[in-house]
Structure formats: structure tokens, C-alpha cells
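# Remarks on the overall topology
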Amino acid sequence: MSFKFKITRVLFSAAAMFASALGQARAEQALPNILWITSEDNGPHLGCYGDTYAITPNLDRFAKRSLRYTKASSTAPVCAPARTTIISGIYPPATGAEHMRSLTRLPVDFKMYPVYLRELGYYCTNNSKEDYNLEKVGNVWDESGRKAHWKNRPNGKPFFAIFNHTISHESQIRNKINSADRIHDPAKVSLPAYHPDTPEVRKDWAQYHDRITMMDKLVGKNLRELEEADLANDTIVFYYGDHGSGMPRSKRWPYFSGLNVPLIIHVPKKFKHLAPPEYKTGGSTDRLVGFIDLAPTLLSIAGAKAPEHMQGDAFMGKHTAPPQAFSFGFRGRMDERYDMVRTVFDGRHVYIRNYMPHKPYGQYLDYMFQTPTTRVWHDLFHAGKLNAAQSVFWQTKPAEELYDLQSDPDEVNNLAKSKEHSAVIKRLRKAHHNWARDVRDIGFLPEAEIHSRAGNDSPYEMGHDDSRYDFDAISHAANNASRKGKKTTEKLAELINSDDSAVRYWAAMGYLIRGKNGVRTGREALVTALGDESPSVRIIAAEALGRYGRKREAKRAAEVLMQFADPAKNGICLSMLALNALDIIGDHADPHREAIAKFARIDPKANGRMRNYANRLISRIVGDSR
């Protein structure tokens, strides 16, 4: 062999090795496929999370080759606000989208995360639920619907694909189920301390687990499909639930049981450089992550930094952030019933701030009361047959709650007044206030004013404009209104004369929260407020006088409420607020029941997702079932 040939051969081999190394480097830098498998209305009631009652073989096997998050949070304990958090990367209380099946909009230069992914080269599909409280603008998904699939992508395109399973949804707990799928013995159910031990409750919990097993089979199908296409090594896979279980006091309530979701992530070796820092095959982590972090994390996996307006933190990928100290949650209007709750979780303690403590936890919700557990639980309470822990749900709330999950996983022992926990509650209370200020929580506004103050802008923009939304003044009023005490009660007299209608709204609410004593103290101011220029203020003042005022005051209050109760004339937000008040003032609404029955049952201008809420309230008030 000549020297020249040897040199040529060596150079060729070196070039081949370089090309191979370059190809490997390019492969490692290529965008991974991302598959999201989601399920509805189930917490971490899976075998891999230590639930020995659960039968979930597919997810258990998946967990053995993946990383499990034990303290992942959905941010909201109900589907639409939770999904709104994900799609926007912004807390819904900052966009005016916290209320169940509301509809607001983002600023024109903000995009939903699939748009950013598509700009980075991804083919994005969603099969099939959207359910956002935000208007979709432009082309968000390449495909969204029951036929959407990563298989439809152009050749060579990386995909981001969602498959959402509804079989575990709340509605499926009470629906008929095939006998072959009834595999969990109700007698072996482990009940939470707040639920009564009855055959109906045991049956519902057993069927909930049956549905999870059915969901597990669908997850197995998604994973096999990926393997059969020889794409498993090229795809990062997430599995998560969309909020806690569909059982009452989990779904819709921001306890840990309502917010904690299973989250399992698998990263193939090819993309180990994108894995979370704590990633270990078959491992688990107690890092605090939430739905607010998913959009920034997706962009980080794709190599991009999240835009400044996104409020979460990436927990894997190129732009992984340090672990966060707190997770935050919220509850707004649930279907036709108003409430306002905010939560903070530090990994052990759950802090709950109730801004409408005069409302019971278990307000009557038409949809929730279709579940047998809800009905029997309610009836046993009114029959006086429940213990203290089981009775709380049907009573009014304290302003603050604090639970230690280490000693009280069912969250039934409120430590808010414990001297031993004073430092904990002060720390979490401060974290809540700082968060609300940082994100510009506009949930302190009555729902109608979220829209009226925004005008032609988005609620997010309004919330960041001090001239239209004085956060400090309004949140201060809400804090005083919702905390009973001599000093806070005295402040209401000044607050109800504020130039800001939202401050006056909370002042009127403060008198209402204090019941008979509050109305006695604020009677003159509340009577004056019946003529306030803000309809929301008038409605709350009328509710206070209708419930606790003198006979002639209650009569006038009912007349004021009737002015705003017709959804076709006043819009769905004011209508719901007034109808809720008419429902609670009892006999004082009786003279108006015939007129209420004749109201339009829908607001023709309301979005279709919430159009029936007025009808539910009207039916409740007049006693029909339409």
C-alpha cells in the first residue's frame, strides 16, 4: 500500500469520524417530539403513587422508567381555569379568567403557547378538549379535535401532541358503568375524614377508581402507539391529571386534594440534556411545580426562553429555573355561584384565604348535586347525623385556614389560630399578598367590572393600569371586609364612601359578612348604597339588607335586585350576582317569584359556555327543573 493511499485512507476515516460526531451532535440538538397524555378529574390515585386500592398497570410501568412529581399543582381545582393557566402561561386571576366558563381575552401581542411552539418548528395537535376562558385568536393549533394526531404531521416535522382522556371525569362517577369494569370493591374504599361512610359514598369512590383503571388502559394505548411507530426514543412524554379528583370537596376547592395532580415525565436518553435536574429513572421528586410552569417548560425544551409576560418557571430544558418556594392556587365563581379563595402551598403547609367567608363551602351547584355523594352528604348534615369534620363543608368559612399535610393529609384540622403555627401563617400570608400584587390579581373586582373597566382593552392591560385598577386600595378593602373584628369593622364606614366602586363593593360586602351586627352598624350606609352608581355595589348592599335588614328595607332590597336579575336586560354577570342574592334572601323574594319565572333564561350576548347559568339560578328560585 502506497504512503499516499495510506494518508488518503486516514484522512477519509477522520472525516468519516468527524461527520459521524457532527451528525450525533446534530441529533442531540434536534427538537424532541413532545407527547402530553392528560386525564380529567383525578388526583394521584394511582398505584405508582402508593394507592394500594388503585389498579393502574400501564401508568405504574410508565413511572418505573420516568420521574414522578409528588407535589405538582393544577393551580385551579376545576377544568376551564386550570386549562386557561396552561394555554396562556398566566394566572387566570391576572387575565380576568378565573371564573368557571368565563370568557376574556389576552393583550393583542400575547400568544397562546402552541403558537410559540409552531413558530419554533413544531406541528401542534390537540385531541381534543380546549375549554379555555380566553378567546382564541388566529391559528393556535395545526389540528384540534377528535381526529387530531401527530401522525398527520408533515415528514420531518417534530410534533407536540395532546391526547386528553375524559373517562375519569366527574360525570363518569355517577354514570352507568359496564359490570365488567366494576372491579373495585366499595367495602375496601379508604374514605377521607370529611366524607360520611355510607353506601352511596363508597360506591362513588369505587366507581371513581374504576374509571381511573379505564383511563389507564387508554394511556397504555397512547404509549404503545408511540412505540409501534418507533418514536419512543425521540419523544419526551408527560402524563398528568387536569386537577384533583371529581369527588366533592376535591374538585372546585383549592385544598391540596383539589390542586394536587399526578405528573410523570419520561425523557429518553437521547434528550437527557433536557431532563429536569433531579431526573432519575423510576425516581420521584417533591419539587413544587404547577400548570403555570408548563408553557415556559415547553419553550425551554425547545431551546427558547419564555416571554416576559408568562408568570411561571421552566423546570426542565435549556432555561431551567431554580426551584420555587411556593405554589399558588385560586377559586373564583364556580358555574352559577360566586366565591373568592386564594391558596399558598410551601410543600408541607396549605394556607387558604377566604375573601367571602359568609358563603358556605358547599353552595348549591346544580351540576355538583347530581353526584350521589353530594346529595347524601348534604342530607345527613341537615339531619344532624355528621361529626364535626364531616359537617364543616356545609358551614360558612373562616377568613383563613392552615393545614399541615404531614400530620393531617385530609386537611380537616385548621391551624390558623394555633400559636405554634403563627410564624408559618405569617410567612404564607405574606407570600399570598406578594403574589397577588406581583401578578396583579383582578379577581378583587366584581366580575361585571372586570369587563366594564377594561373597555376595549384586555382585562390584563386594565389590571396593570393603576388609573383603572388601584390594587393596593382594593385589596386592602377586601382584606378588611373579610376579617371580622372591631378595627376592621370601623374601617368599613370610610371605605363605603370611597371614590372607587370596587372599594365600596368590598365595604358593602364587609357589612354583609358580619351578618345582623354588620347591617345594624352599617344600615344607613347600606341604604344609601342601594342607589350607588355601580350596579355591583347596589346588589351587594341589597343582599345585606334583604338578609338582615328591617322589613321595609328588605322589601326595597328585593326590588333593587329585581332591577338587575333579568339576564337579557343586564348581562349574565350582573344577573348571576342579583339572582344569587334573590336566592339567599328567602321569603323576601316570594312576591317576585312569578316575575322571576318570566325572565329570559339566557343572556343572548353571553358566551355559550356560561349561557345556562342564569337559567339554573332562576329554576332554583322558582322551584322548577327547567
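## Observations concerning the packing of aromatic side chains
As enumerated under the stated definition, the model contains 29 aromatic pairs in all. Here the aromatic rings of Tyr505 and Trp506 are separated by 5.5 Å at their centres, their planes lie at 80 degrees, and the arrangement is edge-to-face. What makes Tyr505 buried here is its relative accessible area of 5%. What links up through ring pairs into an aromatic cluster is the set Trp36, Tyr113, Trp141, Phe160, Phe238, Tyr240 and Phe291. Directly above the ring of Tyr255 sits Arg249, whose terminal nitrogen or CZ lies 3.8 Å from the centroid.

## Brief notes about empty space enclosed by the protein
All told, the structure shown has six cavities of 30 Å³ or more when counted by the stated rule. When its volume is computed, the largest cavity comes out at roughly 190 Å³. Broken down by secondary-structure element, the contributors of at least two residues to the lining of the largest cavity are helix H13 (447-454), helix H17 (501-513), helix H19 (535-548) and helix H22 (572-584). Considered class by class, the residues forming the lining of the largest cavity number 15 nonpolar, five polar and four charged. Looking at the second largest cavity, its volume works out to about 130 Å³. As for the second largest cavity, its lining consists of 15 residues, of which Arg83, Ile86, Tyr132, Ile162 and Tyr240 are closest to the centre. Counting only elements with at least two residues in the lining of the second largest cavity, the list comes to strand E1 (33-39) and helix H3 (79-88). In the lining of the second largest cavity, the residues fall into nine nonpolar, two polar and four charged.

## Considerations on the nonpolar core
Counting 192 residues, the largest nonpolar core has Trp36, Tyr113, Phe160, Phe238, Phe444, Trp506 and Leu582 as the members making the most contacts within it. Ignoring any residue separated from it by four or fewer positions in sequence, one finds Tyr113 in contact with Trp36, Ile86, Ile87, Trp141, Phe160, Ile162, Ala295, Leu298 and Met310.

## What about the environment of His45?
You can see His45 is positioned in the loop between E1 and helix H2 (57-64). Each residue touching His45, except ones within four places of it in the same chain, is listed here: Asp51, Ala54, Trp205, Tyr208, His209, Ile212 and Ser245.

## Considerations on the side chain of Arg202
On the secondary structure map, Arg202 appears in helix H7 (residues 199-228). Taking the relative accessible area as the measure of exposure, Arg202 reaches 19% and is therefore buried. Within the structure, Arg202 has its side chain in polar contact with the backbone oxygen of Val189 (distance 3.1 Å). Among all residues touching Arg202, those that are not within four sequence positions of it are Pro186, Ala187, Lys188, Val189, Leu191 and Asp197.

## Concerning the sheet that holds strand E11 (residues 341-345)
Taken together, four strands build an open sheet; the order of strands is E10-E11-E12-E13 and the sheet is antiparallel. Each edge of the open sheet carries a strand with a single partner, namely strand E10 (327-331) and strand E13 (400-404). On average, each strand axis in the sheet is tilted by 15 degrees relative to the strand beside it, whichever way the strands run. Bridging between E11 and strand E12 (residues 349-354) involves five bridges; their strand directions are antiparallel. Within E12, the residue paired with Phe345 across the bridge is Val350. Each of E10, E11, E12 and E13 touches helix H12 (residues 422-439); the most contacted strand, E12, lies at about 60 degrees to it.

## Comments concerning H19
With 14 residues, H19 should reach 20 Å at 1.5 Å per residue; the first-to-last C-alpha distance of 20 Å fits that figure. Taken together, the buried positions of H19 are Ser536, Val537, Arg538, Ile539, Ile540, Ala541, Ala542, Glu543, Ala544, Leu545 and Gly546. Its buried side turned inward, H19 meets H13, H17, helix H18 (515-529), helix H20 (551-564) and H22.

## Looking at the pairing of strand E6 (residues 235-241)
Most of E6 sits inside the fold, with seven of its seven residues counted as buried. Burial of the side chains of E6 extends over both faces: Thr235, Val237, Tyr239 and Gly241 are buried on one face and Ile236, Phe238 and Tyr240 on the other. Judged from the four bridges that link them, E6 and strand E7 (residues 260-266) form a sheet pairing that is antiparallel. When the bridges of E7 are listed, Tyr240 appears paired with Leu263.

## Comments concerning the packing of H19 against H20
Their axes nearest at 8 Å, the elements H19 and H20 cross at an angle of 145 degrees. Remark: the crossing between H19 and H20 carries left-handed chirality. Of the residues in H20, those in contact with Pro535, Arg538, Ile539, Ala542, Leu545 and Gly546 of H19 are Glu553, Ala554, Ala557, Val560, Leu561, Gln563 and Phe564. Looking at the contact of H19 with H20 residue by residue, the class counts come to nine nonpolar, two polar and two charged.

## With respect to the side chain of Asp181
Among the secondary structure elements, Asp181 is positioned in the loop between helix H6 (170-174) and H7. It turns out Asp181 is buried and unbridged, and the closest side chain with the opposite charge, Lys217, is 4.3 Å from it. Once residues within four sequence positions are removed from consideration, Asp181 is found in contact with Asp210, Met214 and Lys217.

What counts, and at which threshold
Residues numbered from 1 in each chain as written. Predicted model: local features only at pLDDT ≥ 70, side-chain atom pairs only at ≥ 80, totals over all residues. Heavy atoms only, no water. Phe/Tyr/Trp six-rings, centres within 6.5 Å; stacked < 30°, edge-to-face > 60°. Buried < 20%, exposed > 50% of the residue type's maximum accessible area, 1.4 Å probe, protein only. Lys NZ or Arg CZ within 6 Å of the ring centre and 35° of its normal. 1 Å grid on protein atoms, 1.4 Å probe; cavity = no way out; pocket = protein on both sides within 12 Å on 5 of 7 lines; lining within 4 Å. Points joined across faces, edges and corners; volume = space filled by probe spheres on them. Helix = DSSP H or I, 4+ residues; strand = E, 2+ residues; numbered from the N terminus. Nonpolar A, V, L, I, M, F, W, Y, C, P; charged D, E, K, R; others polar. Core = buried A, V, L, I, M, F, W, Y, C linked by side-chain atoms within 4.5 Å. Contact = heavy atoms within 4.5 Å. Polar contact = N/O pair within 3.5 Å; in protein donor to acceptor, adjacent residues only side chain to side chain. Pairing = 2+ DSSP bridges. Axes fitted to C-alpha atoms, helices over the stretch in contact; angles between N-to-C directions. Expected span 1.5 Å × (residues − 1). Left-handed = near helix turned anticlockwise from the far one by under 90°. Lys, Arg positive; Asp, Glu negative; His and termini not counted. Salt bridge = Lys/Arg side-chain N within 4 Å of Asp/Glu carboxyl O.

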